[in-house]
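These are the residues of each chain, in order.
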Amino acid sequence: MIRGVLFRLHLSVALAAGLLIVTMAATGVVLACEDVVMSVAERRLSVAVREDTPRLSPDEIVGAAAVWGERSGVAVTATSIEYRNRPGAAVQVHAGRDRRVFVDPYTGEVVGGGFPLLEGFFEGVRGVHRWLGVSGGAMRKGRAVTGAANVAFLFLLLTGPLLWLPRRITRRNLTENLVFRRGVRGPARKLNWHYVVGIWSFVPLAVISVTGVVMSYPGVGDRVYPVVGTVMGGGGDETAGEGRGVGGGQGLAGALAAARAQVPGWRTIVLTLPRPDHAEVRVEVRTGRSGQPQKAAVLAVDRETGAVVSAESFRDESPNHRAQELLRYAHTGEYWGLAGQALAGLSALAVVVLAWTGFTVALVMWRLRRGKRPG
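In this convention, every chain numbers its residues from 1, walking through the sequence in written order. For this predicted model, a pLDDT threshold of at least 70 governs which residues receive local features, and a threshold of 80 or more governs which side-chain atom pairs are given and counted, while totals over whole chains, interfaces and linings are taken from all residues. Computation of side-chain values covers all heavy atoms of the structure but excludes hydrogens and water.

## A look at the overall build of the protein
For clarity, the cut-off: Here a helix means four or more residues in a row that DSSP labels H or I, a strand means two or more in a row labelled E, and each is numbered from the N terminus. Partly exposed residues are those whose accessible area sits between 20% and 50% of the maximum for their type, while under 20% is buried and over 50% is exposed, using a 1.4 Å probe and protein chains only. Note on contacts: a residue pair qualifies if any of its non-hydrogen atoms lie within 4.5 Å across the two residues. Exposure was quantified through the Shrake-Rupley algorithm and a 1.4 Å probe, taking into account, for residues, occlusion by the shown protein chains and nothing else. Charge counting treats Lys and Arg as positive and Asp and Glu as negative, with His and both chain ends excluded. To locate a charge, the coordinates of NZ of Lys, CZ of Arg, CG of Asp or CD of Glu are taken.
Check the secondary structure of the protein and you find 12 helices and 8 strands. Along the three orthogonal principal directions, the C-alpha set of the protein runs to about 80 × 45 × 45 Å. Looking at the protein residue by residue over its 375 residues, the buried ones come to 41%. Here the analysis covers contacts within the protein between residues at least 6 apart in sequence; of these, 61% occur between residues at least 24 apart. When the accessible surface of the protein is totalled, it reaches about 20,700 Å², and 59% of it is carbon and sulfur. Positive and negative side-chain charges of the protein, numbering 44 and 29 respectively, have mean locations separated by a distance of 22 Å.

## Let's talk about the layout of surface pockets
This is how it is decided: Points on a 1 Å grid, built from protein atoms alone, make a cavity when a 1.4 Å probe fits but cannot get out and make a pocket when they are open with protein on both sides within 12 Å along at least 5 of 7 lines; residues with an atom within 4 Å of a point are the lining residues. Grid points are joined across faces, edges and corners, and a volume is the space filled by probe spheres set on the points. Following the grouping adopted for this structure description, the nonpolar residues are Ala, Val, Leu, Ile, Met, Phe, Trp, Tyr, Cys and Pro, the charged ones are Asp, Glu, Lys and Arg, and the polar ones are all others, Gly among them.
A volume near 1,100 Å³ is recorded for the second largest pocket. Every residue lining the second largest pocket is counted, 42 residues in all, and those nearest its centre are His10, Leu163, Leu191, His194 and Tyr195. Elements supplying a minimum of two residues to the lining of the second largest pocket: α1 (2-32), α5 (138-164), α6 (171-176), α7 (186-200), α8 (202-216) and α12 (337-369). Of the residues assigned to the lining of the second largest pocket, the class counts are 28 nonpolar, 10 polar and 4 charged.

## A word on the packing of aromatic side chains
Note the threshold: Pairing of aromatic rings covers Phe, Tyr and Trp, the last through its six-membered ring, and needs centres within 6.5 Å; plane angles under 30 degrees mean stacked, over 60 mean edge-to-face, and all others mean tilted. Cation placement over rings: the criterion is NZ of Lys or CZ of Arg within 6 Å of the ring centroid and within 35° of the ring normal.
Considering all chains together, one arrives at 5 aromatic pairs under this definition. Seen from their ring centres, Phe102 and Phe115 are 6.0 Å apart, and the 65° between their planes marks the pair as edge-to-face. Taken as a pair, Phe102 in strand β3 (residues 99-103) and Phe115 in the loop between β4 (110-112) and α4 (116-131) lie far apart in primary sequence, 13 residues in all. Take Phe115: its relative accessible area is 17%, and that puts it in the buried class. Taking 5.6 Å as the distance between ring centres and 75° as the angle between the ring planes, the aromatic pair formed by Tyr335 and Trp336 counts as edge-to-face. Clustering of aromatic rings is evident, with ring pairs tying together Phe180, Trp193 and Trp356. The ring of Tyr83 is capped by Arg260, whose NZ or CZ atom sits 5.7 Å from the centre of that ring.

## A short note on the environment of Arg315
Note on placement: Arg315 falls in the loop between β8 (308-313) and α11 (319-332). The class of Arg315 is partly exposed, set by a relative accessible area of 36%. Through-space distance from the C-alpha of Arg315 to that of Val145 is 35 Å; in sequence the pair is 170 residues apart.

## Some remarks on the confidence of the model for the protein
Should the pLDDT be low somewhere, the predicted coordinates at that spot are not to be read in detail. For the record, the criterion: As a per-residue measure, pLDDT reflects the predictor's confidence and takes values from 0 up to 100.
Taken residue by residue, the protein gives an average pLDDT of 91. The fraction at 70 or more is 94%. Scored below 50 in pLDDT, residues 244-248 shows 17 contacts in the model against residues more than four places distant or in partner chains.

## Examining the nonpolar core
This is how the line gets drawn: For the purposes of this section, nonpolar cores are sets of buried Ala, Val, Leu, Ile, Met, Phe, Trp, Tyr and Cys residues that join through side-chain atoms within 4.5 Å.
Ranked by internal contacts, the top residues of the largest apolar core, which has 30 residues, are Tyr83, Val103, Ile269, Leu271, Val283 and Val285. Ranked by residues supplied to this core, first place goes to helix α10 (residues 251-262) with 5 residues. If we ignore the near neighbours within four places in the chain, the residues touching Ile269 are Ile81, Glu82, Tyr83, Leu256, Ala259, Arg260, Val283, Glu284 and Val285. Among the nonpolar cores identified, the runner-up in size contains 16 residues, and Ala14, Ala25, Ala206 and Ala344 belong to it.

## Structural notes on the pattern of salt bridges
Just so we agree on the cut-off: Note on definitions: salt bridges are taken to be side-chain nitrogens of Lys or Arg within 4 Å of carboxyl oxygens of Asp or Glu.
As enumerated under the stated definition, the model contains 10 salt bridges in all. A salt bridge links Glu325 to Arg328; its shortest N-O distance comes to 4.0 Å. Taken together, the positions of Glu325 and Arg328, both in helix α11 and 3 residues apart, correspond to about one turn of that helix. Classification of Arg328 by relative accessible area gives partly exposed; the value is 39%. If you follow the salt bridges from partner to partner, you end up with Glu42, Glu82, Arg84, Arg100 and Glu119 in one network.

## Focus on empty space enclosed by the protein
The full count for this structure, using the stated rule, is 2 cavities of 30 Å³ or more. There is about 50 Å³ of room inside the largest cavity. Lining the largest cavity we find Glu42, Leu45, Ser46, Arg84, Arg86, Gly88, Ala89, Ala90, Gln92 and Phe102. For the lining of the largest cavity, the residue count by class is 4 nonpolar, 3 polar and 3 charged.

As structure tokens, then:
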């Protein structure tokens, strides 16, 4: 009796929210590939390493980007400069969030003006994933719909394992629901796939679903973040220690030298161009990927002396902020690096398989109830 009611609820929710869930899963698969695709595209703009040629200063690189913009008829008002610790990597000059220019650090030649079409594609997919691609005032309604889809998927995820358990719990019955069975065809094979894919992807999908619900509803997040932050304690990698008086020049060049000395194993350094009246330069140093806040630090460097005034790492953040960052990047898998992001993408793909197999079995059941057996 209880199993029958649970099955009907599971099926009803799947039919009602299935299209939305599949849309979010499919866009999630695409977004999981974004980092790899953009990295491959950026490597095409690599420059020749010139051991006998000194690198240009950050100010010279900003000036080269501005000159290129004037010649091209494109305004390049630099807001930050990004350095990658990779041989042949061009320096990226960011002009706000929508434009970036790749500059050869040895010659000052602009080797590329970004990838507007590719970046626009991923931004569009991200909009569909978050709020169904609507704009303006409708974004709030779109986010409400995707939030409801997250709740519906969480319900399916919680009821699925209960339906996965066989009526008679034996070793043989459990094994049949854990592995792909040979020799079965038609609806029985689809049901077997539904069981196997669902149970093996349960844990990563649970992480994705729970974090999605928390991010969809700020009220839920306000209650979850303090709890998660308390459990985390002061977790996170020690990316940067206390601020030290590391000299190395003045202005942006001094800030860059100080960041390199402060964190020798850096992967990415981002210099935020200060306002004329600001005495310090904000420098973000990452030893991991962009979605790993536990491997990042923020330095404040004096513009005049090039000394590190302060250094804040992930563990120095408030518990609520640490929890917010953890749940945000746990949703995409980025918190655990490229492997975690790949697992999140495969899990999103598993949702598509679950929807296909589930709808197929449901259609067969509907036909049988109407007395029309499939051929």
